[in-house]
Amino acid sequence: MHRIPRTFSAALGLALAAGLAALPGTATAAPATGAAQHYTAAASAHPGTGKADNQAFYEAVMKSARSKQAATPYLKAVVVTYDASNAPSFASEISRSAQIWNGSVANVRLQSGANADFSYYEGDDPSNGSYASTDGHGSGYIFLDYTQNQEYDSTRVTAHETGHVLGLPDHYSGPCSELMSGGGPGPSCTNPYPNSTERSRVNSLWRNGLSATTR
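Every value quoted in this text rests on a predicted model; they were computed, and no experiment measured them.

K.L.:
Residue-level account of the environment of Ser64, with values.
P.N.:
Residue position: Ser64 is located in helix 1 (residues 51-69). Sequence separation of Ser64 and Phe118 is 54 residues, and the distance between their C-alpha atoms is 9.3 Å.

K.L.:
Quick one: what's the story with the nonpolar core, residue by residue and with numbers?
P.N.:
Buried together is how nonpolar side chains tend to be arranged in soluble globular proteins. Ranked by internal contacts, the top residues of the largest apolar core, which has 35 residues, are Trp101, Phe118, Tyr120 and Trp206. Mapped by element, the contributors of at least two residues to this core are helix 1, strand 4 (78-86), helix 2 (91-104), strand 5 (108-112), strand 6 (118-123), strand 8 (140-145), helix 4 (154-165) and helix 5 (196-205). Element by element, the count of residues in this core is highest for helix 1, at five residues. Once residues within four sequence positions are removed from consideration, Trp101 is found in contact with Leu110, Ala159, Thr162, Gly163, Leu166, Leu168, Leu179, Pro194 and Val202.

K.L.:
Outline the packing of aromatic side chains, listing residues and values.
P.N.:
Per the stated rule, a full pass over the model turns up eight aromatic pairs. Judged by centre distance (5.2 Å) and plane angle (25°), the rings of Tyr131 and Phe143 are stacked. In this pair, Tyr131 sits in strand 7 (residues 131-134) while Phe143 sits in strand 8, placing the two residues 12 residues apart along the sequence. Look at Phe143 and you get buried, because its relative accessible area is 0%. Among the aromatic side chains, those forming a connected cluster through ring pairs are Tyr121, Tyr131, Tyr141 and Phe143.

K.L.:
Describe helix 4, and please don't skip the residues or the numbers.
P.N.:
Since one α-helical turn is 3.6 residues long, residues separated by three or four positions face the same way. In a regular helix each residue adds 1.5 Å, so 12 residues correspond to 16 Å; helix 4 covers 17 Å between its end C-alpha atoms and thus fits that length. Of the residues flanking the end of helix 4, it is Gly167, one or two places downstream, whose phi is positive at about 110°.

K.L.:
Tell me about unusual backbone geometry, residues and numbers included.
P.N.:
Phi at Asn115 takes a positive value of approximately 50°, unusual for a residue other than glycine. Following the sequence through the fold, Asn115 ends up in the loop between strand 5 and strand 6. Residue classification places Asn115 among the exposed positions, given a relative accessible area of 60%.

K.L.:
Tell me about the packing of helix 2 against helix 4, residues and numbers included.
P.N.:
Look at helix 2 against helix 4: their axes get within 9 Å of each other, and the N-to-C directions meet at 60°. Judged by the inter-axis angle, helix 2 sits oblique to helix 4. Read as a crossing pair, helix 2 and helix 4 show a hand that is right-handed. Residues Glu93, Ile94, Arg96, Ser97, Ile100 and Trp101 of helix 2 lie in contact with helix 4, whose contacting residues are Ser154, Thr155, Thr158, Ala159, Thr162 and Gly163. A class-by-class count of the residues in the contact of helix 2 with helix 4 yields four nonpolar, six polar and two charged.

K.L.:
So what's going on with the state of the cysteines? Which residues, and what values?
P.N.:
Two cysteines joined by a covalent bond between their sulfur atoms form a disulfide. All chains considered together, the criterion is met by one disulfide. Shown here is the disulfide that connects Cys176 with Cys189, its sulfur atoms set 2.1 Å apart. The sign of the 90° torsion about the S-S bond sets the Cys176-Cys189 disulfide as right-handed. Of the two residues, Cys176 sits in the loop between helix 4 and helix 5 while Cys189 sits in the loop between helix 4 and helix 5, which places them 13 residues apart along the sequence. For Cys189, a relative accessible area of 4% corresponds to the buried category.

About the criteria used
- Residues numbered from 1 in each chain as written.
- Predicted model: local features only at pLDDT ≥ 70, side-chain atom pairs only at ≥ 80, totals over all residues.
- Heavy atoms only, no water.
- Helix = DSSP H or I, 4+ residues; strand = E, 2+ residues; numbered from the N terminus.
- Core = buried A, V, L, I, M, F, W, Y, C linked by side-chain atoms within 4.5 Å.
- Buried < 20%, exposed > 50% of the residue type's maximum accessible area, 1.4 Å probe, protein only.
- Contact = heavy atoms within 4.5 Å.
- Phe/Tyr/Trp six-rings, centres within 6.5 Å; stacked < 30°, edge-to-face > 60°.
- Expected span 1.5 Å × (residues − 1).
- Axes fitted to C-alpha atoms, helices over the stretch in contact; angles between N-to-C directions.
- Parallel < 35°, antiparallel > 145°, perpendicular 65-115°, else oblique.
- Left-handed = near helix turned anticlockwise from the far one by under 90°.
- Nonpolar A, V, L, I, M, F, W, Y, C, P; charged D, E, K, R; others polar.
- Disulfide = S-S within 2.5 Å.

Written as structure tokens, this is what we have:
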């Protein structure tokens, strides 16, 4: 596949930065990869990858979302805002992923909007595929790889990577019914829904809502 030139002009700050018709002629690529949680086990052999990094990513997203929730304390669920403007080819998959998670859990809600808590990027990265990347201190983003999203079900890939933002680690040895098994079950697996254990875990992680910010 032709490697698409990369440009990156968006500033991340605390806003954190994981499909498909025809490929676009250009792409807005993400920053250089640090520690990452990949969709496939083969790509996950990456220095610095680990549950601690994913935990830092999740905690930073939670902190950002909860700080903004102070303006609307009557909401029972924490609202996590995402920016999909740098992944236009995956707009429908990102939207569908948010719908899936919003219909699966009650204590956190994903919505598109300004002043985002995390962002999606797209591009061509055959060495790493799709991943949720973090520096181990919370800063991060979700990157969606063109080639991998042609081989694997793109909505599953997107929902899986979004699961990292909500606090779930990879579990490649799991069955297709387990969303965080990622590419482990192979390309034939198209399930984009978290199972009951994963839903329960996310609800548990986010169950305290705004109260957690005042401890």
